[in-house]
Amino acid sequence: MKFCAVKQYFDDENNNNITSGASTTMIPLPNVESHPLAILITYCKKHLKIKANNADNKKETEKEMEQYEQELLKKVMPQELTELILAANYLNFKEALDFFCRAVASAIQNKSIEFVRKFFGLESDFELGEEEKLREEFAWSFEGVDED
Amino acid sequence: MLRHSTSLFDKAYLSDLFIYFFHIFILQFIRVMEDSSTTNGEDWISRLPDSLLCHIFSFLSPKEAVGTSILSKRWENLWTLSPVFIFVIPLRLTGNYMNKVNCFIDYVNRVLAHRDGFAIEKCNLSCYTLHASAHLYSWTCAAIACMVLELTIESELFRVGQLPWCLLTCKTLVDLKIHGRFVLNFPTFICLPTLKFLYLNSVIYGDDASMQKLFSSCPVLEDLVIKRHDWDGVGIMNISVPSLKRSIFSLSLRSIGNYEYKVVINTPNLEYLEIDDYMYEDYSVNSTPSLVEACIQGTCVFGLLDGISQVKLLALSGDAMQSLHNIVPILPTFHNLTHLKLGIDDNVGWELLPNILQTSPNLKVLTLSRDL
């Protein structure tokens, strides 16, 4: 189910028997900016189109969707991922939320802490020695990371 | 540095100007290239709330999730809120063995304590070392308190362990796997109202009634896998589960003492059955029209074959074919059988191929396979 928040709005409208007679309905989305919304709508349309084209072949649907997702990620800047994740979460669009979260996870998989900090734009706020203590405690989790 | 000149048409001046602007252009270009791989230093990830960061954790391996603890103070304990926990301590550890095991025990205790009842989706507790597996009882209690949906408990097989009663009254469990010599014999009320997948390997049931009680306490069970290798107190296996759709039994134990040995299968909605059994000789199977596929390895007795005679796809191993010698005169007719797969090995069971073909009037596909 895509855009559950919007569907909920329509369901609530019907329950309240509001008949405006207008051909267009305005749905307030105060927490979503236009740019991420546009990307989510395109993603949703593409997903539905691919599903319709490959109605019987689930593997083909998955393969095409993966290709489209790889292309999409090339055009999206890392900072934009925050807005996309927040928008997908607010709109209750599970597939898009999973996709963008997975993209963040893939970007930091097996990378050093320094790379991840740079990627996220984070700065360490640990006291002297605190970070060393944590590194020692979880030494086994820092083995086998990629070169930066 | 630009040299001072009085004329714009001075060649040297123009050349310097060109070099100067080219230098600026290159610097800007480098800055743009760097920016596209980093993020301008802007901390964009911190705008996400804890719940969404945890969602990102669910796509990382447990090792990577733990590694985020040193990113910054906010991240120090964030990873403990991840909904999926895979705690595996292997059989062989290199280096300082006891130190590593103790670190692991502390790590699991810390995670579960920090969780404080906050929901866990999936939890895997695999401990093959004696020292760590002693903690499985308390860790299971903690996972149940966190309303876990999928739980796997694995332990070494040379030690009998206990599991808490709350495991068998958990209202949230959907998928449960237990591998180890754990005693599942509770005289009191047990109920697993949401359990759909159950895998039991080397579990100790205590007696026949205990096993039957366990399965009848799972009203929506769909998948059941039972593996029995050593004596566990059960002589009569009674599987009466109306909701069951798929079941796999692997029985390689030897009969002992004065027990009655029988398998009773009463599953009106069963679609798939796989049996690998060299022990039981008395089968009572309520034939179900819903059965689509069956795979028989080990001894195949009349009661079993008769019970699955409505099947559409059947696979028989070489050993199973061999055991059919005893029941050739009374082979049931397989009216719905369209696909038959037979295991080829050194046994002479395949001599019975003509008999089997005679009792399968609607057969379309016959496959002979080396491995079954």
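Only a predicted model underlies this, so the values are computations on that prediction, with no experimental measurement involved.

What follows covers the overall build of chain A. Scanning chain A for helices and strands turns up seven helices and zero strands. Per-residue burial for chain A yields a buried fraction of 36% across its 148 residues. Of the accessible surface of chain A, which amounts to about 9600 Å², a share of 50% is contributed by carbon and sulfur atoms.

For chain B, the helix and strand inventory stands at 10 helices and 17 strands. In chain B, which comprises 372 residues, the proportion classed as buried is 45%. Intrachain contacts of chain B at a sequence separation of at least 6 include 55% that bridge at least 24 residues. Summed over its atoms, the accessible surface of chain B is roughly 18300 Å², and 58% of this surface lies on carbon and sulfur atoms.

Next up on the list: helix α2 (residues 34-53) of chain A. Residues and elements named next belong to chain A. When the terminal C-alpha atoms of α2 are compared, their 28 Å separation across 20 residues agrees well with the 28 Å that a helix rising 1.5 Å per residue should span. Taken as a whole, α2 has its buried residues at P36, I39, L40, Y43, C44, H47 and I50. One side of α2 holds all its buried residues, which, seen down the axis, span an arc of 135°. In α2, those exposed residues whose orientation departs by more than 90 degrees from the buried face are S34, K45, K49, A52 and N53. Residues of α2 that are buried sit in contact with α3 (58-75), α4 (80-90) and α5 (94-108).

This part is about the packing of α2(A) against α3(A). Two quantities define a packed helix pair, namely the angle between the axes and the distance from one axis to the other. Residue and element names in this part refer to chain A. Across the interface, α2 lies against α3 with an axial gap of 9 Å and an inter-helix angle of 155°. Classified by the interaxial angle, the pair formed by α2 and α3 is roughly antiparallel. In this structure, α2 meets α3 at a crossing whose hand is right-handed. Listed contacts from α3 to I39, T42, Y43, K46, H47, I50 and K51 of α2 are T61, E64, M65, Y68, E69 and L72. Classifying every residue of the contact of α2 with α3 by side-chain character gives six nonpolar, three polar and four charged.

The next point concerns the confidence of the model for chain B. All names here are of chain B. On average, residues of chain B score 83 in pLDDT, and 86% of them are at 70 or above. The element-level mean pLDDT for chain B is lowest in helix α1 (residues 11-37), coming to 56, with strand β7 (residues 197-201) highest at 97. The model gives residues 29-39 a pLDDT under 50, and that stretch makes nine contacts with residues more than four places away or in other chains. Taken together, the chains of this predicted complex give a pTM of 0.73 and an interface ipTM of 0.78.

On to the interface of chain A and chain B. Chain A puts 40 residues into the contact, and the matching count from chain B is 30 residues. Summed over both sides, the interface of chain A with chain B buries roughly 3500 Å², with 69% coming from carbon and sulfur. Counting the contacts that link chain A with chain B gives two salt bridges. B:R47 serves as the salt-bridge partner of A:E83, at 2.0 Å between the closest nitrogen and oxygen.

Summarising the element assignment, A:E131 is placed in helix α7 (residues 130-137). Polar contacts involving the side chain of A:E131 include one to the side chain of A:S124, which spans 3.4 Å. Not counting the four nearest positions on each side in its chain, A:E131 is found in contact with A:R117, A:S124, A:F126 and B:I70.

Let's shift gears to the pairing of strand β16 (residues 339-343) of chain B. The side chains of a regular strand alternate between both faces of the sheet. Residue and element names in this part refer to chain B. Of the pairings in the sheet, the one linking strand β15 (residues 313-316) to β16 comprises four bridges and is parallel in character. The partner of L313 across the bridge, within β16, is H339. Across five bridges, the pairing between β16 and strand β17 (residues 365-369) is parallel. Looking at the pairing, K341 lines up with T367 of β17.

Before going further, it helps to spend a moment on the confidence of the model for chain A. Chain-level statistics for chain A give a pLDDT mean of 77 and a share of 81% at 70 or above. The secondary structure element of chain A with the lowest average pLDDT is helix α1 (residues 4-15) of chain A, at 68, and the one with the highest is α5(A), at 88.

Residues and elements named next belong to chain A. As a packed pair, α2 and α4 sit with axes 9 Å apart at the nearest point and diverge in direction by 70°. Classed by the angle they form, the pair α2 and α4 counts as roughly perpendicular. Between α2 and α4 lies a crossing whose hand is right-handed. Side by side, α2 and α4 meet where H35, P36, I39 and L40 of the first sit next to E80, E83, L84, A87 and A88 of the second. Tallied by class, the residues present in the contact of α2 with α4 amount to six nonpolar, one polar and two charged.

This part takes up unusual backbone geometry. Here A:N92, not a glycine, exhibits a phi torsion of approximately 60°, which is positive. Along the polypeptide, A:N92 turns up in the loop between α4 and α5.

The next point concerns the sheet that holds strand β13 (residues 283-285) of chain B. All names here are of chain B. Here we have three strands laid out as an open sheet, ordered β9-β11-β13, and parallel in their pairing. Two strands lie at the open edges of the sheet, namely β9 (236-240) and β13, each paired on one side alone. Mean inter-strand twist for the sheet, computed between neighbouring axes without regard to direction, equals 5°. Sheet topology note: the strand β11 (residues 262-266)/β13 ladder contains three bridges and is parallel. Looking across to β13, one finds that I265 is bridged to V285.

Looking now at the packing of aromatic side chains. Per the stated rule, a full pass over the model turns up 15 aromatic pairs over all chains. Relative to A:F100, the ring of A:F99 has its centre 4.8 Å away and its plane inclined at 50°; by these criteria the two rings are tilted. For the pair A:F99 and A:F100, one class covers both residues: buried. Consider the rings of B:F57 and B:W75, whose centres lie 6.0 Å apart with planes at 90°: the pair is edge-to-face.

About the cut-offs
- Residues numbered from 1 in each chain as written.
- Chains lettered and ligands numbered in written order.
- Predicted model: local features only at pLDDT ≥ 70, side-chain atom pairs only at ≥ 80, totals over all residues.
- Heavy atoms only, no water.
- Helix = DSSP H or I, 4+ residues; strand = E, 2+ residues; numbered from the N terminus.
- Buried < 20%, exposed > 50% of the residue type's maximum accessible area, 1.4 Å probe, protein only.
- Areas by Shrake-Rupley, 256 points an atom, 1.4 Å probe, with all protein chains shown as cover.
- Contact = heavy atoms within 4.5 Å.
- Expected span 1.5 Å × (residues − 1).
- Arc of directions from axis to C-beta.
- Axes fitted to C-alpha atoms, helices over the stretch in contact; angles between N-to-C directions.
- Parallel < 35°, antiparallel > 145°, perpendicular 65-115°, else oblique.
- Left-handed = near helix turned anticlockwise from the far one by under 90°.
- Nonpolar A, V, L, I, M, F, W, Y, C, P; charged D, E, K, R; others polar.
- pLDDT = per-residue confidence, 0-100.
- Buried area = accessible area lost by both parts, 1.4 Å probe.
- Salt bridge = Lys/Arg side-chain N within 4 Å of Asp/Glu carboxyl O.
- Polar contact = N/O pair within 3.5 Å; in protein donor to acceptor, adjacent residues only side chain to side chain.
- Pairing = 2+ DSSP bridges.
- Phe/Tyr/Trp six-rings, centres within 6.5 Å; stacked < 30°, edge-to-face > 60°.

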